[in-house]
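# Examining the three-dimensional arrangement
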Amino acid sequence: MPDAPRVVLLPGDGVGPEVAEQARLALELLAPGVEVEERLIGAAAIRATGKPLPEETLEACLGATAVLKGPVGDPEFDAADVRPEQGLLALRGALDAYANLRPAVQGDVDVLIVRELVGGLYFGAKGVRDDGTVFDTCEYTPSQVERITRRAFALARTRRGHLTSVDKANVLETSRLWRRVVNEIAPEYPDVTVEHMLVDNAAMQLATTPQQFDVLVTENMFGDILSDLAAAVTGGLGLAPSASLADGGPGIFEPVHGSAPDIAGRGIANPTAMLRSTALLLEHGLGRPDEAAALAAAVDVALAEAPTPDLGGTATTAQLGAAVRAQLEVDAAAAGTYPAGNGSRA
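Below is a short write-up of the structure. (Residues numbered from 1 in each chain as written. Predicted model: local features only at pLDDT ≥ 70, side-chain atom pairs only at ≥ 80, totals over all residues. Heavy atoms only, no water.)

It is worth spelling out the overall build of the chain at this point. Along the chain, the regular secondary structure elements total 11 helices and 12 strands. Projected onto its principal axes, the C-alpha coordinates of the chain cover approximately 60 × 50 × 50 Å. Counting over 346 residues, the chain shows a buried share of 49%. Considering only contacts within the chain whose residues lie at least 6 apart along the sequence, 72% involve residues at least 24 apart. Once the 27 positive and 47 negative side-chain charges of the chain are each reduced to a mean point, those two points are 2 Å apart. (Helix = DSSP H or I, 4+ residues; strand = E, 2+ residues; numbered from the N terminus. Buried < 20%, exposed > 50% of the residue type's maximum accessible area, 1.4 Å probe, protein only. Contact = heavy atoms within 4.5 Å. Lys, Arg positive; Asp, Glu negative; His and termini not counted. Charge placed at Lys NZ, Arg CZ, Asp CG, Glu CD.)

Shown next as structure tokens:
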């Protein structure tokens, strides 16, 4: 018998454990054969071990099928040498989770931003010179650009067949490399229409007419900014999920919002982004697109009926999570399948 799929759950900090619990319950309902193993990361890990990414956590993640992570961060460590966010960057690098997928969907807007995640300005050399000059280096190799570009083309093929490559080729040498590589690869995907757009124009277009976009592919910092803008256009960071994928290894699935320590422990955090990240895990991490679609649909229904305080409602974190699971049960009964997606009822 093959080993059961194993998901490492990293609850994180602040509201992380609260929203992570709702994700765990939904995952157990939809995929009961999946093992879930909980580990520490971020501020919780620093307090317990002195490290934001303990060796035990990294080892568990490297051997997992997928990683489901809550938000990290704590004001206590904002000015410290060892910070919670360092654990996340280290985990991304160790798993080589280079392809960050940020869907933004609402009404007639359906955009997928594909962000290169382990290169560029965030991972280049940085420091302070003797004269007080500070520097951060943006570097990309052709192979880094090629692999994220191929991933974006492949995803565009499964959607509406339109790819927008975002750069700053009129100023940056790294962007000129980016544009050359995209143009070299484009003939291999004749069924995908390609356009290039400068990042400042892309930001304006995304804010005003996001309906024009299908898939956007871009480098690390541009993707960080544009994906948050896309989230704001379609409901806010509290609703936005993400998937960070590797080639052949485990991916990281996490909400893009922060740890919100100001509301931690009050039971009012919106678990939507964490639940939608779980749907991405089911699709991309476990190869269960039907269960992923069921969870995404159930979240939409439950969110409309039982919004949390950030959306003008009164539902608690647990109540919204329960509403999602109840909707999954209703949908499964209507379809004549088990809630866990294991086939037709006998």
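There's plenty left to go through after this.
For helix α5 (residues 142-157), which comprises 16 residues, the first-to-last C-alpha distance of 22 Å matches the rise-based estimate of 22 Å (1.5 Å per residue) to within 8%. Gln144, Val145, Ile148, Thr149, Arg151, Ala152, Phe153, Leu155 and Ala156 are the residues of α5 that are buried. (Expected span 1.5 Å × (residues − 1).)

Another aspect to go through is unusual backbone geometry. With phi around 50°, aspartate 96 is a residue other than glycine that occupies positive phi space. Locating aspartate 96 in the fold gives a position in the loop between α4 (84-95) and β4 (99-106). Judged by relative accessible area, aspartate 96 falls into the partly exposed class, the value being 32%. Even without glycine at this site, alanine 260 takes up a positive phi of about 45°. Position of alanine 260 relative to the elements: it lies in the loop between β12 (251-255) and α9 (272-285).

Here helix α10 (residues 289-305) crosses helix α11 (residues 317-335) at 125°, and the two axes come no closer than 8 Å. In terms of orientation, α10 lies oblique with respect to α11. Here α10 and α11 pass one another in a crossing that is right-handed. Note on element contacts: α11 touches α10 through Leu320, Ala323, Val324, Gln327 and Leu328, opposite Ala294, Leu295, Ala298, Val299, Val301, Ala302 and Leu303. Grouping the amino acids of the contact of α10 with α11 by side-chain chemistry returns 11 nonpolar, 1 polar and no charged. (Axes fitted to C-alpha atoms, helices over the stretch in contact; angles between N-to-C directions. Parallel < 35°, antiparallel > 145°, perpendicular 65-115°, else oblique. Left-handed = near helix turned anticlockwise from the far one by under 90°. Nonpolar A, V, L, I, M, F, W, Y, C, P; charged D, E, K, R; others polar.)

Next up on the list: the pairing of strand β1 (residues 6-10). The element β1 is extensively covered by neighbouring structure, given that 5 of its 5 residues are classed as buried. On β1, burial covers both faces: Arg6, Val8 and Leu10 on one face and Val7 and Leu9 on the other are all buried. Two elements, β1 and strand β2 (residues 35-38), share 4 bridges in a ladder whose sense is parallel. Bridging from a neighbouring strand, arginine 6 pairs with glutamate 35 of β2. Sheet topology note: the β1/strand β3 (residues 66-69) ladder contains 4 bridges and is parallel. Within β3, the residue paired with valine 8 across the bridge is valine 67. (Pairing = 2+ DSSP bridges.)

Before going further, it helps to spend a moment on the packing of aromatic side chains. The full count for this structure, using the stated rule, is 2 aromatic pairs. Measuring from ring centre to ring centre gives 4.7 Å for phenylalanine 153 and tyrosine 189, while their planes differ by 10°; the resulting arrangement is stacked. In this pair, phenylalanine 153 sits in helix α5 while tyrosine 189 sits in the loop between α6 (173-185) and β9 (193-198), placing the two residues 36 residues apart along the sequence. Overall, the relative accessible area of 11% leaves tyrosine 189 in the buried class. Lying across the ring of tyrosine 98, arginine 147 places its NZ or CZ 4.0 Å from the centre. (Phe/Tyr/Trp six-rings, centres within 6.5 Å; stacked < 30°, edge-to-face > 60°. Lys NZ or Arg CZ within 6 Å of the ring centre and 35° of its normal.)

With respect to the helices and strands, threonine 164 occurs in strand β8 (residues 162-167). Here the side chain of threonine 164 touches glutamate 195 through a polar contact of 3.0 Å, side chain to side chain. (Polar contact = N/O pair within 3.5 Å; in protein donor to acceptor, adjacent residues only side chain to side chain.)

Put simply, helix α1 (residues 16-30) and α11 touch, their axes get as near as 9 Å, and they point 15° apart. By the angle between their directions, the pair α1 and α11 is classed as roughly parallel. Where α1 crosses over α11, the handedness of that crossing is right-handed. On α11, the residues touching Glu18, Val19, Gln22, Leu25, Ala26, Leu29 and Leu30 of α1 are Thr317, Ala318, Gly321, Ala322, Arg325, Leu328 and Glu329. Within the contact of α1 with α11, the residues separate by chemical class into 8 nonpolar, 3 polar and 3 charged.

This part takes up the pattern of salt bridges. Under the defined criterion, the tally for this structure stands at 25 salt bridges. Put simply, arginine 24 and glutamate 28 hold a salt bridge, and the shortest N to O gap is 3.9 Å. In this pair, arginine 24 and glutamate 28 both sit in helix α1, 4 residues apart, roughly one turn of the helix. In this structure, arginine 24 and glutamate 38 form a salt bridge, with 2.8 Å as the shortest nitrogen-oxygen distance. Pair noted here: arginine 24 is in helix α1 and glutamate 38 is in strand β2, with a separation of 14 residues, a long-range link. A residue is classified by how much of its surface remains accessible, and arginine 24, at 16% relative accessible area, is buried. Here glutamate 38 falls in the partly exposed class, since its relative accessible area comes to 48%. Three or more residues are tied together by salt bridges with common partners; here these are Glu21, Arg24, Glu28 and Glu38. (Salt bridge = Lys/Arg side-chain N within 4 Å of Asp/Glu carboxyl O.)

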